[in-house]
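Fold and contact review
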Amino acid sequence: IMANPFLDDSYHIRWSQLTADAIEPDITRALEQAQAAIDTLSAPILDGECLSFDNTLLALEQATEDLDLAWRRVGHLDAVRNSAAQREAYNRMLPRVSEFYASLPLNQGLWQRIEAYARTDDATKLSGAEKRLLDETLADFRQNGADLPAEKQQRLEVVQAELARLTQKYAENVLDSTNAWELIITDENRLAGLPPTARAILRGEAVAARLGSDEKPVWRVTLKAPSFIPVLEHADDASLRQDVWRGSVSIGRGGAYDNTALIWQILELRHEKAALLGKEHFADHVLERRMAKLGTQAMQFVEDLHDRTKQAFERECAELEQFRAQQTGQPAEAFEPWELAYWAEKQRKAKYDFDDEDLRPYFSIDGVLD
């Protein structure tokens, strides 16, 4: 068993060693090391000390390198291999990690060192990637409150810690509600229209849940994309498609995993964070260093895109409604949401003789890897 597997910097990641019981000790160690390095960097600048790129910006990058690596691995595993023990360990460490990262731009000693270096002759001579790192570091610190008065910095730390907690809970509710939903099919006739690969996936989901048998098979639809999307696209049974669509829009909505209250809390805290940082809207804060710059510009782009595509969208919808009317002998009318993907696939097959299933032999895992 490897010591501190989350801190191992080998090229090949040993995923089997990254277990839940290693999260807390490894992240604790990384936090302690990072904090010690930050404390050194944020100490008062000594008389005659020569500030350089290496002992300021590069030292800051190196101070959090191990923690960055370890926490990214924890976050990745939380996204792709969630478990009760792993989630518990992740949530124990999340407040400490969030607090550490939030504290960096609010560390006055560290900020003073970076600003002092930025005024040196050495800094003015930087070019390329090194100049980019200096510019981005300065902008990052300012954008995250380095120039705020002390009372606003204290409130900002509280807000960011609470946002980290609430957004993590939001993500957990999404995952748990996704995993909680299932539809068990015992009548194979309801699977009419599904290609063999899709049926095999649904059968595999049932086997994984220890449902049915070879003698009496059942099929299980889940809200994993490879499971439910083929049902919406290919199942001839409209009631099955309706059930699955309703399940797909129930994620994080209602019941034990309802995110409604969390959404309002997150929005309120984001708005407060933006106000603390001198922005009218949270979108303005997020977009400040991106192409759009302002939330209003992003909204204008969306509205302009809507206006430019509306005519084509309406034309294609009308064509699809007419196609369904011709196939069914019924009047053309608007689609229910669980009908759209199904009839779009039918139309594509009729117009272009194209079926996604025909591509599958070319994208086997061995073929893709080769």
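Here the structure is shown first, and the text comes after it.
First things first, this report covers the structure right here in the doc. (Residues numbered from 1 in each chain as written. Predicted model: local features only at pLDDT ≥ 70, side-chain atom pairs only at ≥ 80, totals over all residues. Heavy atoms only, no water.)

**Notes on the overall build of the chain**
Within the chain, the secondary structure is distributed over 16 helices and 2 strands. Radius of gyration (C-alpha) of the chain: 27 Å, far over the 21 Å computed for a compact globule of 370 residues. By the burial criterion, 36% of the 370 residues in the chain qualify as buried. Here the analysis covers contacts within the chain between residues at least 6 apart in sequence; of these, 66% occur between residues at least 24 apart. Summed over its atoms, the accessible surface of the chain is roughly 22200 Å², and 53% of this surface lies on carbon and sulfur atoms. (Helix = DSSP H or I, 4+ residues; strand = E, 2+ residues; numbered from the N terminus. Rg over C-alpha atoms; globule rule 2.2 N^0.38 Å. Buried < 20%, exposed > 50% of the residue type's maximum accessible area, 1.4 Å probe, protein only. Contact = heavy atoms within 4.5 Å. Areas by Shrake-Rupley, 256 points an atom, 1.4 Å probe, with all protein chains shown as cover.)

**What to know about the nonpolar core**
Grouped together as the largest cluster of nonpolar side chains are 40 residues, with contacts concentrated most on F6, I27, W71, L110 and Y117. Elements with a contribution of two residues or more to this core: α1 (20–42), α2 (54–63), α3 (65–80), α4 (84–103), α5 (108–118) and α7 (128–143). Ranked by the residues each element gives to this core, the list is headed by α1, at 8 residues. Here L110 is in contact with I38, L41, S42, L60, L104 and F141, once residues within four sequence places are set aside. By size, the runner-up hydrophobic cluster in this structure holds 16 residues, among which are W181, I185, A198 and A235. (Core = buried A, V, L, I, M, F, W, Y, C linked by side-chain atoms within 4.5 Å.)

**Regarding the packing of aromatic side chains**
A complete count under the given rule lists 6 aromatic pairs for this structure. Considering the side-chain rings of W111 and F141, the 5.6 Å spacing of their centres and the 15° angle between planes classify their relative orientation as stacked. In this pair, W111 sits in helix α5 while F141 sits in helix α7, placing the two residues 30 residues apart along the sequence. On the numbers, 6.2 Å between centres and 70° between planes, the contact of F323 with W343 is edge-to-face. Of this pair, F323 sits in helix α14 (residues 295–328) while W343 is found in helix α15 (residues 340–352), placing the two residues 20 residues apart along the sequence. One exposure class covers both F323 and W343, and it is buried. The rings of F323, Y342 and W343 are connected pair by pair, giving a single aromatic cluster. (Phe/Tyr/Trp six-rings, centres within 6.5 Å; stacked < 30°, edge-to-face > 60°.)

**Some details on the side chain of N173**
Take N173: it is sitting in helix α8 (residues 150–180). Of the residues examined, N173 reaches a relative accessible area of 3% and is grouped as buried. In this view, N173 contacts Y257, D258, N259 and L262; residues no more than four positions away in its chain are not counted.

**Let's talk about the pattern of salt bridges**
Side chains carrying opposite charge are able to pair once their charged atoms draw close together. For the coordinates displayed, the defined rule picks out 26 salt bridges. The salt bridge involving K224 is made with E205; its shortest N-O contact spans 3.8 Å. Highlighted residues: K224 in the loop between β2 (219–221) and α10 (225–234) and E205 in helix α9 (residues 196–208), separated in sequence by 19 residues. Taking the relative accessible area as the measure of exposure, E205 reaches 11% and is therefore buried. As a salt-bridge pair, D304 and R308 come within 2.7 Å of each other at their nearest N and O atoms. With D304 and R308 both in helix α14 and 4 residues apart, this pair spans about one turn of that helix. Overall, the relative accessible area of 64% leaves R308 in the exposed class. Members of the salt-bridge network, linked through shared partners, are R132, E136, D140 and R289. (Salt bridge = Lys/Arg side-chain N within 4 Å of Asp/Glu carboxyl O.)

**A closer look at α4**
The terminal C-alpha atoms of α4 lie 29 Å apart, and with 20 residues this matches the ideal 28 Å at 1.5 Å per residue to within 8%. The principal kink in α4, of about 35°, is found at L94, preceding the proline P95 by one to four residues. Those residues of α4 hidden inside the fold are in contact with α1, α3 and α8. (Expected span 1.5 Å × (residues − 1). Bend = angle between axes of the 7 residues up to and from the residue.)

**Here's the deal with the packing of α14 against α15**
For the pair α14 and α15, interaxial distance at closest approach is 10 Å and the crossing angle is 80°. When the interaxial angle is binned, α14 and α15 end up roughly perpendicular. Across from E319, L320, F323, R324, Q327 and T328 in α14, the residues of α15 making contact are L340, W343, A344, K346, Q347, A350 and K351. Its residues assigned to classes, the contact of α14 with α15 comprises 6 nonpolar, 3 polar and 4 charged. (Axes fitted to C-alpha atoms, helices over the stretch in contact; angles between N-to-C directions. Parallel < 35°, antiparallel > 145°, perpendicular 65-115°, else oblique. Nonpolar A, V, L, I, M, F, W, Y, C, P; charged D, E, K, R; others polar.)

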